[in-house]
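Remarks on the overall topology
Letter by letter, the chains look like this.
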Amino acid sequence: MAVPGKVAAFRLPPLPTVGEIIKLFRLKAQKQLSQNFLLDLRLTDKIVRQAGELKNAHVCEVGPGPGGITRSILSAGVEQLLLIEKDARFIPGLQMLSEAAPGKVRIVHGDILTYKMEKAFPKHLKKNWEDEPPDIHIIGNLPFSVSTPLIIKWLENVSKKDGPFIYGRTQMTLTFQKEVAERLTANPGGKQRSRLSIMSQHLCTVENCFVIPGQAFVPKPEVDVAVVHFTPLVQPKIQQPFELVEKVVRSVFQFRRKYCFRGIETLFPESGRLKRTEQLMMTANVDPTLRPFQLSMSQFRNLCNTYRKMCDEDPGLFVYNYREELRQKKMMRNLQKSTSQRNQIEEEDQL
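Calculation criteria
Residues numbered from 1 in each chain as written. Predicted model: local features only at pLDDT ≥ 70, side-chain atom pairs only at ≥ 80, totals over all residues. Heavy atoms only, no water. Helix = DSSP H or I, 4+ residues; strand = E, 2+ residues; numbered from the N terminus. Contact = heavy atoms within 4.5 Å. Areas by Shrake-Rupley, 256 points an atom, 1.4 Å probe, with all protein chains shown as cover. Core = buried A, V, L, I, M, F, W, Y, C linked by side-chain atoms within 4.5 Å. Buried < 20%, exposed > 50% of the residue type's maximum accessible area, 1.4 Å probe, protein only. Domains from an automatic or database assignment. Pairing = 2+ DSSP bridges. Axes fitted to C-alpha atoms, helices over the stretch in contact; angles between N-to-C directions. Salt bridge = Lys/Arg side-chain N within 4 Å of Asp/Glu carboxyl O. pLDDT = per-residue confidence, 0-100. Expected span 1.5 Å × (residues − 1). Left-handed = near helix turned anticlockwise from the far one by under 90°. Nonpolar A, V, L, I, M, F, W, Y, C, P; charged D, E, K, R; others polar. UniProt positions renumbered as here; feature names shortened; annotations may be inferred. Polar contact = N/O pair within 3.5 Å; in protein donor to acceptor, adjacent residues only side chain to side chain.

Let's talk about the overall build of the protein chain
- Looking only at helices and strands, the protein chain features 12 helices and nine strands.
- The contacts of the protein chain with a sequence gap of at least 6 include a subset with a gap of at least 24, amounting to 69%.
- Here the protein chain displays about 18600 Å² of accessible surface, and carbon together with sulfur accounts for 51% of that area.

As structure tokens, this is what we get:
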């Protein structure tokens, strides 16, 4: 008998297990899509708990597959659940879950990398950026092949306050290869400190929640998996456009084992490169003999702010591409070499 004044918790009716769903629809993880199924509902429940309080929340699950995490999300008492699944083979099994939770589940057969999330949730859920996060969550056991490009895309959305972040500081709870999770959360000086560390930590509070051993998945991946929780910051630690921050950070880490000035040099054309590199590092007050992974967030902020001023003074600087300059030089060398060889052949023919 229900306790007066309390709403009964939502419970899914009896359903085939996730393993039975896989057998029923003859689902097999595709290696080219880096798919790995998580069948242990205790672990899927634990992932969902990292997202926080989900009762009456709106949730988007990315790549639900056979629906293990989906069941745990529904059992948490969500108001609405949006499922975005690229692989059509999983849709029938997800429809079974949808029928078991009438009115709660919407299934989209599509690619999360191209899906427009600006209209995924009701307008009334929107909050100001300075307010507490909205009652919206993104959860997903991401295929390894998509996890890094997807989090970079979402970090850009955070920076621009668009996509799923048009509603406010939407929180994300996602799985990554353990090594990628360590990069996302690495501190200055740590061996895993990387471009991902700076791009994620300057925009979000990033928490490495727990590690799931590889043997918990089917098929077993060669690596362990970590669950990472993201909460966008009210103020980014580097207040410059996403593209500028990414360019500076990517350049610094281009030669991660060398002194940081070596990577910073690649921000500038060959003509005047040394002088401008020295100017940038002196103005930003950064020791040129530090390795990239030793730089603090404040040092990256100084580098980005100074580089921005240099770009404002020289509008053509930001579009400069170091790799393109190398490619052009290589083409010129090859052209000169082929011209020289052709001239030599012509001289031999004349002789």
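Having seen the model, we can carry on.
Some details on the nonpolar core
- Core analysis: the biggest nonpolar cluster contains 64 residues, and Met 117, Trp 154, Leu 174, Phe 176, Phe 230, Leu 303 and Tyr 307 have the highest contact counts within it.
- Inspection of this core shows a minimum of three residues originating in each of domain 1 (18–232) and domain 2 (242–325).
- Leaving out residues up to four positions away in the same chain, Phe 230 has contacts with Ile 151, Gln 171, Met 172, Leu 174, Phe 176, Leu 184, Ser 200, Cys 204, Thr 205 and Val 206.
- Of all hydrophobic cores here, the second largest spans 27 residues; its members include Leu 74, Leu 81, Leu 83 and Ile 212.

Focus on the sheet that holds strand S4 (residues 105–109)
- Pairing in this open sheet of seven strands is mixed, and the strands run S4-S3-S2-S5-S6-S9-S7 from one edge to the other. A strand with exactly one partner marks an edge of an open sheet, and here the two such strands are S4 and strand S7 (204–212). Averaged over all pairs of adjacent strands, the angle between strand axes in this sheet comes to 20°, irrespective of strand direction.
- Judged from the six bridges that link them, strand S6 (residues 171–177) and strand S9 (residues 225–232) form a sheet pairing that is antiparallel.

Side note on the pattern of salt bridges
- For the structure on display, the rule yields 13 salt bridges.
- One salt bridge connects Lys 160 with Glu 156, and the closest N-O pair in it is separated by 2.7 Å. Taken together, the residues span about one helical turn, with Lys 160 and Glu 156 both in helix H5 (residues 144–160) at a distance of four residues.
- Accessibility expressed as a relative area gives 26% for Glu 156, which makes it partly exposed.

Remarks on the confidence of the model for the protein chain
- The predicted model of the protein chain has a mean per-residue pLDDT of 89, with 87% of residues at 70 or higher.
- When the criterion is pLDDT under 50, residues 1–8 qualifies, and its contacts beyond four places in sequence or with other chains add up to zero contacts.

Here we look at the side chain of His 202
- Mapped onto the fold, His 202 is located in the loop between helix H7 (195–201) and S7.
- Residue His 202 is classed as buried on the basis of its relative accessible area, which comes to 1%.
- Dropping the residues within four chain positions of it, His 202 is found in contact with Leu 233, Pro 236, Lys 237, Ile 238, Val 245 and Met 297.

A look at helix H10 (residues 273–284)
- Counted at 1.5 Å a residue, the expected span for H10 with its 12 residues is 16 Å, and the 16 Å between its end C-alpha atoms agrees.
- The positive-phi residue at the C-terminal boundary of H10 is Asn 285, with phi of around 60°.

Regarding unusual backbone geometry
- You will see that Asn 56, though not glycine, has its phi angle at about 65°, which is positive.
- Positive phi outside glycine occurs at Lys 161, with the angle close to 55°.
- Here Lys 161 shows up in the loop between H5 and S6.
- Given a relative accessible area of 41%, Lys 161 falls into the partly exposed group.

Regarding the packing of helix H8 (residues 242–252) against helix H11 (residues 297–313)
- Between H8 and H11, the least distance of the axes is 10 Å, while the angle of their chain directions is 115°. The handedness of the crossing between H8 and H11 comes out as right-handed. For the pair formed by H8 and H11, the contact residues are Leu 244, Val 245, Lys 247, Val 248, Val 249 and Val 252 on the first element and Phe 300, Leu 303, Cys 304, Tyr 307 and Arg 308 on the second.
- Residue classes in the contact of H8 with H11 are distributed as nine nonpolar, no polar and two charged.

A short note on the UniProt feature "binding site: S-adenosyl-L-methionine" (unreviewed entry) in the protein chain
- Mapped onto this numbering, the UniProt entry gives "binding site: S-adenosyl-L-methionine" (unreviewed entry) at Asn 36, Leu 38, Gly 63, Glu 85, Asp 111 and Asn 141.
- When residues no more than four places from it in sequence are discounted, the contact partners of Asn 36 are Asn 141, Phe 144, Phe 217, Val 218, Pro 219, Lys 220 and Pro 221.
- If you trace the backbone, Glu 85 turns up in strand S3 (residues 80–85).
- Of the residues examined, Glu 85 reaches a relative accessible area of 5% and is grouped as buried.
- Sequence-distant contacts of Glu 85, defined by excluding residues within four places in its chain, comprise Gly 63, Pro 64, Gly 65, Phe 90, Ile 91, Leu 94, Val 108, His 109 and Gly 110.
- At 2.8 Å, the side chain of Glu 85 and the backbone nitrogen of Gly 65 are in polar contact.

As for H5
- Between its first and last C-alpha atoms H5 spans 25 Å; for 17 residues at 1.5 Å apiece the expected length is 24 Å, and the two agree.
- Inspection of H5 places Phe 144, Val 146, Ser 147, Leu 150, Ile 151, Ile 152, Trp 154, Leu 155, Asn 157 and Val 158 among the buried residues, and these make up the whole buried set.
- Just past H5, the residue Lys 161 takes up positive phi, approximately 55°.

Side note on the environment of Val 223
- With respect to the helices and strands, the residue Val 223 is situated in the loop between strand S8 (217–218) and S9.
- Val 223 gets classed as partly exposed once you look at its relative accessible area, which sits at 31%.
- The sequence separation of Val 223 and Lys 178 amounts to 45 residues, and the corresponding C-alpha distance is 7.1 Å.
- For Val 223, the contacting residues outside a window of four places in its chain are Phe 144, Gln 177 and Gly 214.

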